[in-house]
Amino acid sequence: MNLLFETTILLLAAALAAPFGKVSRIGSVLAFVGIGVLIGPWCLGLIRESEHILNFAEIGVVFLLFIIGLELQPKRLWALRTLIFGAGTLQLVVTACMIFVTILVVTDFSWQSALVIAYGLGLSSTAFALRLLADNQELQSAQGKLAFGVLLFQDLAVIPLLAIIPMLAVVEPALDEHAVQIPLWGAIVAFTVFVLIGHFLLIPFLRLVAWTRVHEAFTATALLLVIGSALIMQQIGLSMGLGAFLAGVLVADSEYRHQLEADIDPFKGLLLGLFFMAVGMSTNIGILTEEFIAILTGVIGLIIVKTLLLFILGRLHQLNNVNAARFAAYLCQGGEFGFVAFTLASSFAIISAETKDMLIVIVTISMALTPAVLKLVSLLFRNPGMDAKQLAELSITAEENNQIIIAGYGRFGQILGRVLNAQDIRYTAIDINPEQVKLVREFGNKVYYGDAAKHALLETAGVAKAGIFALCIDDVEASIVIVKLLKAQYPAVKIFCRARNRFHELRLRELQVDYVIRETLFSGLEFTRAVLKGMGLETEKASNIVAAFQQQDVKLILQQAALPVNDKATFIQTTKEAAQELKNLLQDENKLKNQQ
């Protein structure tokens, strides 16, 4: 089978894997591994020899380690030191030790094999966990921040894992004939020289290349930096990944960090996808039927052990039961670096090819089961993170009697609240997020937990006696429900609304609220004014242009408010007409000034 055919198949598979992983929400890692299995010798057989692809694709891991090094700015590490080096160390050490002891007790593996397996299974999937956290909007939650710290430490811990595997080798793999064999002390000296040269010469060299302003030259330099540093480390008997990682760390604080990351990222993504596809192609799927009980036991045991230990870790870091359980569910799987470690360990004969295949299947299945574990946790822990007593303490217990009600006390509502506080004007603030209520109360604000769409809550909040209801929530549909309730039950109350976007504003105007403003309107206008001034326009000229746009926008929104909200064709037409009218207006103004 020729190289061109294999390349075409791999590119087609890569093109299909990424969107499939996103649409199915299984994640890109699982999608690449799965499509590798599909095109490999155990299914369609489109590619039968995967070893040479796997060897080449390992460069993708090298690129990934370089990107990890770029992200490790000293300031960022110091800010997260407790989570990274405290929680991260505890998680990996305890998990690996438990798995290590279990393997030694129940199997006849050597301690070297047990160590690599325990270390590899102790790692979780950074790509998979962060994607799930982002999808569930929990990256900024307490459990999300703790998970991020643990995952970042695991990414760091990959470096020593890849470095010790060759030291545990049972047999030496075939060496490059040009490789230089040097003693340990020589490797240490070479390593030190590499760091010093990189520290003092790398940034000036990048500055010189950037000075040429030839983008292709900078891209070539970025690739040279990664591959060259990996090659140097390999030649002195150390890990290629270690070299790339160190190169990334050396430029992490430079002004070229973002450009290097942007240039490397496409190569990293493609080669890493190729690596995971190669893992899938080389996976012995037949072993799933041959060793079904052993694999099932391994999957269940891995998930249970990691979940219990992570839950305890979450509780030690002051997470409540619900958030600790969710934190554990996000990280209960094996990780993509397990694929790397087990493949490398197999090449050094630390573990057999059959064991490697079993471990890869175990990690893959554990990743696939993570969403189910997360769903199970959600079913077992149904409350929103606080018990009934805590929620009662945050709720309104007696009828309020204030002139202003604020529904939604996030970033928008707090601005109004701070101004009212400065004027000693009393108000009642309500928010549906108990964690948000608890947080803003710590800053001395009087905020209550509750759903403003509930009639009983509005009664207790004293809406009937209030003059103004400030609706500041960001949920579009919920805001419409609340406005309809207020219009029906409390017609005398003036309703002031925050709109997420233009269509939201039109829906609110259709309900005839007293005042509505798009949340980004004035900030967008001020930003536009600043950009125009930055282009060299005089302050007065810039202000006149922005004022003309604002007047035209107000005219347009009133015109469109008279139309049915679902009349998309007319909406588009009026928008185009308004844009042309604004253009003509500004051009006429410029002609008039030029004549003067």
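Look up: the structure comes first, before these words.
Basis of the calculations
Residues numbered from 1 in each chain as written. Predicted model: local features only at pLDDT ≥ 70, side-chain atom pairs only at ≥ 80, totals over all residues. Heavy atoms only, no water. Helix = DSSP H or I, 4+ residues; strand = E, 2+ residues; numbered from the N terminus. Buried < 20%, exposed > 50% of the residue type's maximum accessible area, 1.4 Å probe, protein only. Contact = heavy atoms within 4.5 Å. Pairing = 2+ DSSP bridges. Right-handed = clockwise from strand over helix to strand, strands pointing away. Axes fitted to C-alpha atoms, helices over the stretch in contact; angles between N-to-C directions. Left-handed = near helix turned anticlockwise from the far one by under 90°. Nonpolar A, V, L, I, M, F, W, Y, C, P; charged D, E, K, R; others polar. Core = buried A, V, L, I, M, F, W, Y, C linked by side-chain atoms within 4.5 Å. Parallel < 35°, antiparallel > 145°, perpendicular 65-115°, else oblique. Expected span 1.5 Å × (residues − 1).

Colleague: Before we go on, may I ask you to explain the overall build of the chain in this structure?
Modeller: Across its full length, the chain carries 26 helices and six strands. Counting the 596 residues in the chain, one finds 45% classified as buried. Considering only contacts within the chain whose residues lie at least 6 apart along the sequence, 73% involve residues at least 24 apart.

Colleague: Can you help me understand the environment of A464 in this one?
Modeller: Summarising the element assignment, A464 is placed in the loop between helix 21 (455-461) and strand 4 (468-471). On the basis of relative accessibility, which here comes to 57%, the residue A464 falls in the exposed class. Separated by 61 residues in the primary sequence, A464 and Q403 have C-alpha atoms spaced 9.9 Å apart.

Colleague: Please clarify how the pairing of strand 4 should be interpreted in this entry.
Modeller: For a regular strand, side chains alternate in direction, first toward one face of the sheet and then toward the other. Bridging between strand 1 (residues 404-407) and strand 4 involves four bridges; their strand directions are parallel. Of the residues in strand 4, the one forming a bridge with A407 is L471. Bridge analysis of strand 4 against strand 5 (residues 494-499) gives four bridges, and the strand direction is parallel. The residue of strand 5 that forms the bridge with I468 is K494. Traced from strand 4 through helix 22 (residues 476-489) to strand 5, the parallel crossover comes out right-handed.

Colleague: What is the right way to read the sheet that holds strand 2 (residues 427-431) from this model?
Modeller: Across a sheet, strands are paired by hydrogen bonds formed along the backbone, either parallel or antiparallel in direction. Strand order in this open sheet of six strands is 3-2-1-4-5-6, and the pairing throughout is parallel. The sheet is open, and its two borders are formed by strand 3 (447-449) and strand 6 (515-518), each paired with just one other strand. For this sheet the average axis-to-axis angle between neighbouring strands, irrespective of direction, equals 20 degrees. In this fold helix 23 (residues 502-510) packs onto strand 5 and strand 6, with an angle of close to 165 degrees to the strand it touches most, strand 5.

Colleague: Please explain the packing of helix 12 (residues 257-282) against helix 16 (residues 336-347) as it appears in this structure.
Modeller: When two helices pack together, their arrangement is given by the angle between their axes and by how far apart the axes lie. For the pair helix 12 and helix 16, interaxial distance at closest approach is 11 Å and the crossing angle is 65 degrees. Between helix 12 and helix 16 the crossing geometry is left-handed. Between helix 12 and helix 16, the residues in contact are F275, F276 and V279 and E336, F339 and V340, respectively. Of the residues in the contact of helix 12 with helix 16, the class split is five nonpolar, no polar and one charged.

Colleague: Can you help me understand the nonpolar core in this one?
Modeller: Across soluble globular proteins, nonpolar side chains show a tendency to be buried alongside one another. One finds F66 and F339 to be the most contacted residues of the largest nonpolar core, which totals 118 residues. Element by element, the count of residues in this core is highest for helix 8 (residues 142-167), at 13 residues. With near-sequence residues (within four places) excluded, F66 lies in contact with L225, V226, A244, F245, A247, G248, V251 and I264. Core analysis: the next-biggest nonpolar cluster, separate from the first, contains 25 residues, A452, V463, I473 and V513 among them.

Colleague: Looking at this structure, I do not really get the packing of helix 6 (residues 111-122) against helix 8. What am I missing?
Modeller: Running from amino to carboxyl end, helix 6 crosses helix 8 at an angle of 160 degrees, the nearest separation of the two axes being 10 Å. Relative to helix 8, the element helix 6 lies roughly antiparallel. The chirality of how helix 6 crosses helix 8 is left-handed. Along its contact with helix 6, which presents L115, V116, Y119, G120 and G122, the element helix 8 presents Q154, A157, P160, L161, I164 and I165. A class-by-class count of the residues in the contact of helix 6 with helix 8 yields eight nonpolar, three polar and no charged.

Colleague: Help me understand helix 16 in this model?
Modeller: The end-to-end C-alpha distance of helix 16, which contains 12 residues, comes to 17 Å, matching closely the 16 Å that a straight helix rising 1.5 Å per residue would cover. Within helix 16, 10 of the 12 residues are buried, which leaves it mostly tucked inside the rest of the structure. For helix 16, the set of buried residues is E336, F337, G338, F339, V340, A341, F342, T343, A345 and S346.

Colleague: Looking at this structure, how should I read the environment of V299?
Modeller: Its place among the elements puts V299 in helix 14 (residues 292-316). V299 sits 67 residues away from S366 along the chain, and the two C-alpha atoms are 5.9 Å apart. Residues in contact with V299, not counting those within four places in the same chain, are I362, I365, S366 and L369.

Colleague: Got a minute to help me understand the pairing of strand 5 in this structure?
Modeller: Relative to strand 6, strand 5 runs parallel, the two being bridged by four bridges. By the bridge assignment for strand 6, C497 is matched with V516. For the segment spanning strand 5, helix 23 and strand 6, crossover handedness is right-handed.

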